[in-house]
Amino acid sequence: MNQISSTAHGAASGAMFMLAASLVFAGTNTLQSILPWQFGMNSTGMAFWQYLIASILALPLILRIGLNNLRTRHPLAHEARAFASALGVHVFVYGFASGVPIWQMVTLLATGPLFIVLGSTLFLGERVSSARIGAALAGFVGAILVSGVGSEQLGWQAFVPILAAALWAANDVLTKYLAREESPETITVSLLVLMTPNHLLILLAVNALGWMPAGLGFGLPEGNGLFLLLLLGALTAGAQYLLSFAYKLADATYLQPFSDLKVPLSGLVGWILLGQVPSIWFWPGAALIAGASAFIFWVESREEPTRLQPA
């Protein structure tokens, strides 16, 4: 097989894995909405158990990468990255527990690339191009449309997914910072290992601050609720495996538009399973946000040399 056909095949396979991951994420979003509302599960406790189960199921992936890759010169940066990622999860699932519809949660979460542009510019000294500014403005307009500004749908809860997007953007900016000196293996395995302790830290802090009845966060649902929680953890681990396969086969810049498909997929799943009908402004707003994200990555990928995979 020559280099070009090999690269094309890898890119196509990577896109299929990313599409599968997007569909799995749509499933996790649905379960994160069902468990608090139908089974009374606390959102902070749900996030802790979700990622504890996922971490156990991801052990083969951790061992395959190798624990020896935990050696690092930047332990505080790795911890800050894991904490931002874990806190973003708790903020995100709190949005579901607060009643924010799936279509609004996931679409506003897609503002993340715009925060990455801002963070990379301010903290990493990366240049600001006209393409980045234009995409950021388009994404901002899309977020305004989806959030429901000027209608009775807008509440403070609409800003919850935007905060989660900002926290996960901080994770990505720290990843870019660490990638200047450290291997992809170290960056990946450190996050997988540190996520569960940070989820536990957040859960204990929420309990200590009295934001929930003592011990509620550790409580497990019964019957179907327990099954759905186990399924949520399994889907979370499955999504990580699918992402790892996708990024192994193709570049992130190529995969970004396929990742953005989780926005309409999540909206569709929430509509079918939960009867959460998106507002009329969802579609143009989602198109603006996804289009802005895809445009940023398309422009920046053109500035990088094409890398061919070995035959």
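Position numbers for residues start from 1 in each chain and track the written sequence from start to end. pLDDT decides what is reported in this predicted model: residues at 70 or higher carry local features, side-chain atom pairs at 80 or more are listed and counted, and totals for whole chains, interfaces and linings draw on all residues regardless. The basis for every side-chain value is the complete set of non-hydrogen atoms in the structure, without hydrogens or water.

When its secondary structure is counted, the protein chain shows 13 helices and zero strands. The linear arrangement of helices and strands in the protein chain, starting from the amino end, is α-α-α-α-α-α-α-α-α-α-α-α-α. Here the protein chain holds 311 residues, and the buried ones make up 48% of them. Only heavy atoms matter for contacts: two residues are in contact if any of them lie within 4.5 Å across the pair. A fraction of 87% describes how many contacts in the protein chain between residues 6 or more apart in sequence connect residues 24 or more apart. By definition, any uninterrupted DSSP run of H or I lasting at least four residues is a helix, any uninterrupted run of E lasting at least two residues is a strand, and each is numbered from the N terminus. For every residue, the accessible area obtained with a 1.4 Å probe (protein chains only) is divided by the maximum for its type, and the residue is called buried under 20%, exposed over 50%, and partly exposed between those limits.

On to the UniProt feature "transmembrane region" (unreviewed entry) in the protein chain, then. In this structure's numbering, the residues bearing the UniProt feature "transmembrane region" (unreviewed entry) are residues 7–28, 48–67, 79–96, 102–124, 131–150, 226–247 and 280–299. In residues 79–96, helix accounts for 100% and strand for 0%; the two terminal C-alpha atoms are 26 Å from one another. For residues 226–247, the end-to-end C-alpha separation is 32 Å, with 100% helix and 0% strand making up the annotated structure. UniProt positions are given in the numbering used here, feature names are shortened, and annotations may be inferred rather than shown by experiment.

We now examine the environment of P161. Tracing the backbone shows P161 in helix α8 (residues 160–178). The spacing of P161 and V89 is 72 residues in sequence and 9.8 Å in space, taken between C-alpha atoms. In contact with P161, other than residues within four places in its own chain, are Q104, M105, L108 and L109.

A few words on helix α9 (residues 184–208). The first and last C-alpha atoms of α9 sit 36 Å apart over 25 residues, in line with the 36 Å expected at 1.5 Å per residue. The axis of α9 is deflected most strongly, by about 35°, at M195, and proline P197 appears within four residues downstream. Every helix has an expected span of 1.5 Å times one less than the residues it contains. Note on bend: the value at a residue is the angle between axes fitted to the seven residues ending there and to the seven starting there.

The criterion for an aromatic pair is that two Phe, Tyr or Trp rings (for Trp, the six-membered ring) have centres within 6.5 Å, with stacked assigned to planes under 30 degrees apart, edge-to-face to planes over 60 apart and tilted to the rest. In total, this model carries two aromatic pairs according to the counting rule given. Measuring from ring centre to ring centre gives 5.2 Å for F48 and W49, while their planes differ by 65°; the resulting arrangement is edge-to-face. Just as F48 is buried, W49 falls in that class too.

Residues L35, M46, V89, F92 and L229 are the most contacted members of the largest nonpolar core, which totals 35 residues. Put simply, the parts of the chain that give this core at least two residues each are α1 (3–39), α2 (43–57), α4 (75–97), α5 (102–109), α8, α9 and α10 (224–249). Per-element accounting of this core gives the leading share, seven residues, to α4. Not counting chain neighbours up to four residues away, the residues in contact with L229 comprise L35, M41, M46, W49, Q50, I53, L220 and P221. Buried Ala, Val, Leu, Ile, Met, Phe, Trp, Tyr and Cys residues that are joined via side-chain atoms within 4.5 Å together make up what is termed a nonpolar core. Judged by nonpolar contacts, the second largest core, of seven residues, contains M18, V24, A239 and L242.

A separate point is the environment of F245. Along the chain, F245 falls in helix α10. Separated by 232 residues in sequence, F245 and S13 place their C-alpha atoms 8.9 Å apart.

All axes are obtained by fitting lines to C-alpha atoms, using only the stretch in contact for helices, and the reported angles, taken between N-to-C directions, cover 0 to 180 degrees. With their axes 8 Å apart at the nearest point, helix α6 (residues 112–123) and α8 run at an angle of 45° to one another. Judged by the inter-axis angle, α6 sits oblique to α8. Crossing of α6 over α8 shows right-handed handedness. On the side of α6, the interface is formed by G112, F115, I116, G119 and S120, while α8 contributes I162, A165, A166, A169, D172, V173 and K176. Taken together, the residues of the contact of α6 with α8 break down into seven nonpolar, three polar and two charged. In these notes the angle categories are as follows: under 35 degrees is roughly parallel, over 145 is roughly antiparallel, 65 to 115 is roughly perpendicular, and the rest is oblique. For a crossing to be left-handed, the near helix must be turned anticlockwise from the far one by less than a right angle; the clockwise case is right-handed. Each residue gets one label: Ala, Val, Leu, Ile, Met, Phe, Trp, Tyr, Cys and Pro are nonpolar, Asp, Glu, Lys and Arg are charged, and the others, such as Gly, are polar.

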